[in-house]
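So the chains spell out like this:
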Amino acid sequence: MIPLLLLLFLIEPLDTATPSEGQLLSISIATARTVNGNYPPEFAIDGDLNTFYHTGEAASPQWLKLQLEDPAWVSRVVIVNRLENINIMQRLLGTQVYLYDADGTTQIANCGKISTIASLMYISSQTYNMPCDSSQLASYVKLEDSEMEVSIDDQIIMNILEVEVYGTVPLSTGK
Ligand SMILES: [Ca+2]
């Protein structure tokens with residue numbers, strides 16, 4: 001027997017994307033553990049490829065947390081890296097992508113880790129496509145750099161040019 005929620009998912013009319021791809025979701029707020037004042041977390045969700053979020057100086061883990069406007073089944077997270085010299089581009093190495101439920105603390109899915117800049121996850125030279133298998137509704141997306149491979153004096157720097165989250169909002173809460 002097909003669960004009701006899955007059935008709703010399957011019969012949702014196709015728009016520009018397939019149900020498995022989902023649609024671009026609205027992000028209401030971005031927060032981070034540390035911030036370089038000139039490059040706030042909002043710069044990762046402003047739709048502008050000329051601006052980026054930059055961590056402050058701290059040891060691992062650095063993280064950027066995005067709150068979805070509506071809880072959703074998240075199908076993928078797209079991360080756009082700075083197109084810069086290799087040392088700066090490698091700051092994205094080790095970045096993990098997780099989904100959290102409405103309380104913001106319960107992890108419900110792991111969308112993988114950026115483990116190489118020469119990966120099949122590539123769409124272009126600076127865009128990473130992280131597929132998520134979210135069987136539960138997610139309210140938060142968290143990017144966390146928990147690896148020491150890009151550390152400088154035990155400090156982790158994370159730069160995020162832009163993040164896009166794709167998925168499906170349940171019909172009952174959709175707008
Ligand atoms: Ca931006």
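Residues numbered from 1 in each chain as written. Predicted model: local features only at pLDDT ≥ 70, side-chain atom pairs only at ≥ 80, totals over all residues.

If you look the chain up in an unreviewed UniProt entry, it shows as Putative secretory peptide-21 from Pleurobrachia bachei.

Counting secondary structure elements, the chain contains two helices and eleven strands. In sequence order, the secondary structure elements of the chain are arranged as α-β-β-β-β-α-β-β-β-β-β-β-β. Counting over 175 residues, the chain shows a buried share of 32%. For the chain, the proportion of contacts with a sequence separation of at least 24, taken over those separated by at least 6, is 72%. (Helix = DSSP H or I, 4+ residues; strand = E, 2+ residues; numbered from the N terminus. Buried ≥ 20, exposed ≤ 12 C-beta atoms within 10 Å, placed from the backbone. Contact = placed C-beta atoms within 7 Å.)

Next up on the list: the environment of Lys142. Summarising the element assignment, Lys142 is placed in strand β9 (residues 138-145). Judged by local crowding, Lys142 falls into the partly exposed class, with 19 C-beta atoms found within 10 Å. Spatially, the C-alpha atoms of Lys142 and Asn110 are 9.7 Å apart, while their sequence positions differ by 32 residues. Discounting chain neighbours no more than four positions away, the residues touching Lys142 are Trp63, Lys65, Tyr98 and Tyr100.

So, about the environment of Asn81. Relative to the assigned elements, Asn81 resides in the loop between β4 (62-80) and α2 (86-89). Apart from residues no more than four positions distant in its own chain, Asn81 is found in contact with Met89, Leu92, Gln126, Tyr128 and Leu161.

A word on the pairing of strand β11 (residues 162-168). With six of its seven residues buried, β11 lies for the most part within the structure. Sheet topology note: the strand β1 (residues 23-24)/β11 ladder contains two bridges and is antiparallel. Bridging from a neighbouring strand, Leu24 pairs with Tyr166 of β11. (Pairing = 2+ DSSP bridges.)

Within a regular beta strand, the side chains point alternately toward one face of the sheet and then the other, so they alternate between its two faces. When you tally the buried positions in β9, you get seven out of eight residues, the bulk of the element. Pairing between β4 and β9: seven bridges, direction antiparallel. Bridge pairing links Lys65 to Lys142 in β9. Inspection of the sheet shows strand β5 (residues 95-100) paired to β9 by six bridges, in the antiparallel sense. By the bridge assignment for β9, Thr95 is matched with Asp145.

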